[in-house]
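Residue-level listing of the chains:
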Amino acid sequence: MNIKILGSGCAKCKRLEQLTREVAIEHGINAQFEHVYDIAKIMEYPVLSTPALVIDEEVKVAGRMPSKDEIEHWLAKP
Amino acid sequence: MELFYAALQSGFASLASYLAAHVLLCLVPAFFVAGALSALVPQQSIVRFLGPDAPRWIAYPAAAGAGSLLAVCSCTVQPLFAGIYSKGAGLGPAITFLFFAPAANILALSYTGVALGADFAIARLVLSLSFGIGIGMIMALLFRGDDATRLANAAPFVSGEGISRQSVIFLLTLIALLVAGTLKIDLLTAQLTTFDFALPAALPAQQLLDRLLPVDAIKGNEGLSLQGVILIFLLMLIGVTALRGLGKVDEGFNWLTKLSLSLIVTTLIFAALGIQTTADGVMIAVTGRSIAVAALLVLLILLARRFEAWDLQQWLWETWHFVCLIFPLLIVGVFLVGIIRLFIHPEWIQAIAGTNTITGNLAGVIFGVFMYFPTLVEVPIAKMFLSLGMHPGPLIAYLMADPELSLQSILITSVIIGKLKTWTYVGFVALFSTISGLAYGAWVDGTPVAVLALLIATFVGLVIATLYFVDKRRSSITG
């Protein structure tokens, strides 16, 4: 599984990465993490605002912090 | 050595009166509003009005709305600006957003209102709104050709959910608290009832404070009251408990969360009471403001209970994060302003910008462009200038130019939209800031609003008409 966090280094973005990593570890999911800081690369995805969570190149959420339950749901059903 | 002590004393005086007078009823609620906007309002709920197909009369106001509601810190401004420009409504609304965000977000406006007066806050809002939209439209017209090819490549973006009614009500109550705590109207300042307490130590303590931090109306030193000392102490207590109580709230509520929240509620109510030292004790006055603040706090607690725990945790965490990001810089800024103030002679300021002239306004703009201050620090600096005798016109010119044209924003903008567009934008901001200052200054000096509005409308109309005409000529020549 490939997980990308799109963010410009804001606090929310870091928090999102931390939270997603926690969920992945708790459920024993083997995933590659990548934090995308480059604005030009972020804009290649159909998002207008950060933080955004991209799982296997699919945008799951953008512009807000998802709850832990939501992340668990996305990671469980790839 | 004497100068050193005088400078230090001036710095502390500025910091003490700032903490006691401005922080509590203005900045504390404003930080909570900013946190709520960031945590409870999904960005998509406003951004969806900024899609590529959005009609112009929706896109421009929505861009301004996004600026004031979503973009409290610059880390949100950059991605949203890039997003609106390259994926959404295009160059014009993106520029409106960029212009409006730093000057008219909720923190900047409420702090301006408390430190400089409501008319400065309103002037800042109205002028940023009209000129933000104006500059956006001019830029869109100037670079219309580029925009068309760029938008052809744009992909649609994921649309999202709206904002819940519960969040709207909660936000409005928070804003009501901010207004009730700061607005200076008779209904709020009227004394309803007073209580006298015998406290013999009160008078000597107040006299000691007056000696340490003398009140000096000419220099703008506000002094420090006994109530102020207690408030500063409570504020420190809140800071200590919030460090873990709010800083770690995303891992769950702990006992320090409850303690720091109850401390904040108590402190806000205490700050809304009027306390004066009398000959043999203190007099506590209950005003309309005290009642309003207490009632709104109770309402907020009731409303907050209906939210899911996760939303509340997000709200408190975002709030605390804004405090950590902005507050330390503000404290250092206010302290330094207090020191610098000692070395600036009022005559200099009065000679350069004491009257509402074009040179005076230009001086305000140039100072704003070349000096970079962190978020909100422009407000205490403006306050210093005002007390040194700067005319309100050039002051507004400075307040318009400083947050818009920091080095940082110029760099961000040029990475995203290119150098030519950026410098055009910078030129327009400098021009319009000068005009803002002149207009506001003229209004303060007694020119009727209608005349000014007519003059500004004529000027903006002329600029747009010229650009339109030039554009027509150019397109008819090329093809």
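### Points about the overall build of chain A
Within chain A one finds three helices and four strands. Across chain A, helices and strands are ordered from the amino to the carboxyl terminus as β-α-β-α-β-β-α. For 78 residues, the compact-globule estimate of 2.2 N^0.38 gives 12 Å, and the C-alpha radius of gyration of chain A, at 11 Å, lies within 12% of that figure. Expressed as lengths along the three principal axes of its C-alpha atoms, the size of chain A is roughly 30 × 20 × 15 Å. Residues classed as buried in chain A amount to 37% of the 78 residues present. For chain A, long-range pairs separated by at least 24 residues make up 62% of all intrachain contacts whose partners lie at least 6 apart in sequence.

### Focus: the packing of helix α9 (residues 165-182) of chain B against helix α14 (residues 288-305) of chain B
All names here are of chain B. Contact geometry of α9 with α14 gives a least axis separation of 9 Å together with a crossing angle of 160 degrees. The angle between α9 and α14 falls in the class roughly antiparallel. The way α9 lies across α14 gives a crossing that is left-handed. For the pair formed by α9 and α14, the contact residues are Ile169, Phe170, Thr173, Leu174, Ala176, Leu177, Ala180 and Gly181 on the first element and Arg289, Ala292, Val293, Leu296, Leu297, Leu299, Leu300 and Leu303 on the second. Taken together, the residues of the contact of α9 with α14 break down into 13 nonpolar, two polar and one charged.

### So, the domain arrangement of chain B
Residues and elements named next belong to chain B. Under the domain assignment, chain B is made up of domain 1 (2-18 + 166-341) and domain 2 (42-162 + 344-478). Each of domain 1 and domain 2 has a C-alpha centre, and the two are 31 Å apart. On the side of domain 2, 15 residues touch domain 1, which itself brings 15 residues to the contact. Looking at the side of domain 1 that touches domain 2, the elements with two or more residues in it are α9 and α15 (309-343). Ranked by residue count, the leading element in the side of domain 1 that touches domain 2 is α15, at ten residues. Tallied by class, the residues present in the side of domain 1 that touches domain 2 amount to ten nonpolar, three polar and two charged.

### A word on helix α13 (residues 255-271) of chain B
Residues and elements named next belong to chain B. The terminal C-alpha atoms of α13, which comprises 17 residues, lie 24 Å apart, in line with the 24 Å expected from a rise of 1.5 Å per residue. Taken as a whole, α13 has its buried residues at Thr257, Ser260, Leu261, Ile264, Thr267, Leu268 and Ala271. Take α13 and look down its axis: the buried residues cluster within an arc of 130 degrees, on one side only. In α13, the exposed positions that point more than 90 degrees away from the buried face belong to Trp255, Lys258 and Ser262. Residues of α13 that are buried in the fold lie against α1 (2-40), α12 (226-245) and α14.

### Focus: the pairing of strand β3 (residues 281-287) of chain B
Residues and elements named next belong to chain B. Here strand β1 (residues 191-198) pairs with β3 via seven bridges, running antiparallel. Considered in β3, the bridge of Phe197 is made with Val282. Counting the residues that bridge the hairpin from strand β2 (residues 274-278) to β3 gives two residues.

### Details of the sheet that holds strand β2 (residues 32-36) of chain A
Residue and element names in this part refer to chain A. On the basis of which strands lie adjacent, the open sheet formed by four strands has the order β2-β1-β3-β4 and mixed pairing. Every other strand in the sheet has two partners, leaving β2 and β4 (58-62) as the edge strands with one partner each. Taken pair by pair, the neighbouring strands of this sheet meet at an average axis angle of 20 degrees, ignoring direction. Where strand β3 (residues 52-55) meets β4, four bridges bridge the pair, whose relative direction is antiparallel. Counted as the bridge partner of Val54 is Val59 from β4. Contacts from helix α1 (residues 11-26) reach β1 (2-6), β2 and β3 within the one sheet, and its direction differs from that of β1 by about 160 degrees.

### A look at the environment of Ser8 of chain A
All names here are of chain A. As for its position among the elements, Ser8 is in the loop between β1 and α1. Residue classification places Ser8 among the buried positions, given that 20 C-beta atoms sit within 10 Å. Along the backbone, Ser8 and Val36 are 28 residues apart, and their C-alpha atoms lie at a distance of 7.7 Å.

### Looking at the nonpolar core
As a rule of thumb, soluble globular proteins bury nonpolar side chains together. Residue and element names in this part refer to chain B. Ranked by size, the top nonpolar core spans 152 residues in total, and within it Ala30, Ala63, Ala66, Phe81, Ile84, Phe97 and Tyr111 carry the most contacts. Considering every element that reaches this core, the biggest residue donor is α1, with 21 residues. There are two domains that each give this core at least three residues, and those are domain 1 (2-18 + 166-341) and domain 2 (42-162 + 344-478).

### Some words on unusual backbone geometry
Residue and element names in this part refer to chain A. If you check the backbone angles, Asp56 has positive phi at about 45 degrees while not being a glycine. One can find Asp56 in the loop between β3 and β4. A tally of 12 C-beta atoms within 10 Å means that Asp56 is categorised as exposed. Residues other than glycine seldom take positive phi values, yet Glu57 does so here, at roughly 65 degrees. Checked against the element boundaries, Glu57 lands in the loop between β3 and β4.

### Quick notes on the packing of helix α17 (residues 358-370) of chain B against helix α21 (residues 419-444) of chain B
Residue and element names in this part refer to chain B. The N-to-C vectors of α17 and α21 enclose an angle of 130 degrees; their axes lie 9 Å apart at closest approach. It follows from the interaxial angle that α17 and α21 lie oblique. The element α17 and its partner α21 pack so that their crossing is right-handed. Contact with α17, carried on its side by Ile358, Asn361, Leu362, Gly364, Val365 and Val369, involves Ala430, Ser433, Thr434, Gly437 and Leu438 of α21 and no other residues of that element. Each residue belonging to the contact of α17 with α21 can be placed in one class, and the counts come to six nonpolar, five polar and no charged.

### Considerations on the sheet that holds β2 of chain B
Hydrogen bonds between backbone groups are what pair the strands of a sheet, and the pairing can be parallel or antiparallel. All names here are of chain B. The strand order across the open sheet formed by three strands is β1-β3-β2, and the pairing between neighbours is antiparallel. The sheet terminates laterally at β1 and β2, the two strands that pair on one side only. Strand-to-strand twist in this sheet, taken as the mean axis angle between neighbours without regard to direction, amounts to 20 degrees. Helix-sheet contacts for α14 involve β1 and β3, and the interaxial angle to β3 is about 65 degrees.

About the criteria used
Residues numbered from 1 in each chain as written. Chains lettered and ligands numbered in written order. Predicted model: local features only at pLDDT ≥ 70, side-chain atom pairs only at ≥ 80, totals over all residues. Helix = DSSP H or I, 4+ residues; strand = E, 2+ residues; numbered from the N terminus. Rg over C-alpha atoms; globule rule 2.2 N^0.38 Å. Buried ≥ 20, exposed ≤ 12 C-beta atoms within 10 Å, placed from the backbone. Contact = placed C-beta atoms within 7 Å. Axes fitted to C-alpha atoms, helices over the stretch in contact; angles between N-to-C directions. Parallel < 35°, antiparallel > 145°, perpendicular 65-115°, else oblique. Left-handed = near helix turned anticlockwise from the far one by under 90°. Nonpolar A, V, L, I, M, F, W, Y, C, P; charged D, E, K, R; others polar. Domains from an automatic or database assignment. Expected span 1.5 Å × (residues − 1). Arc of directions from axis to C-beta. Pairing = 2+ DSSP bridges. Core = buried A, V, L, I, M, F, W, Y, C linked by C-beta atoms within 7 Å.

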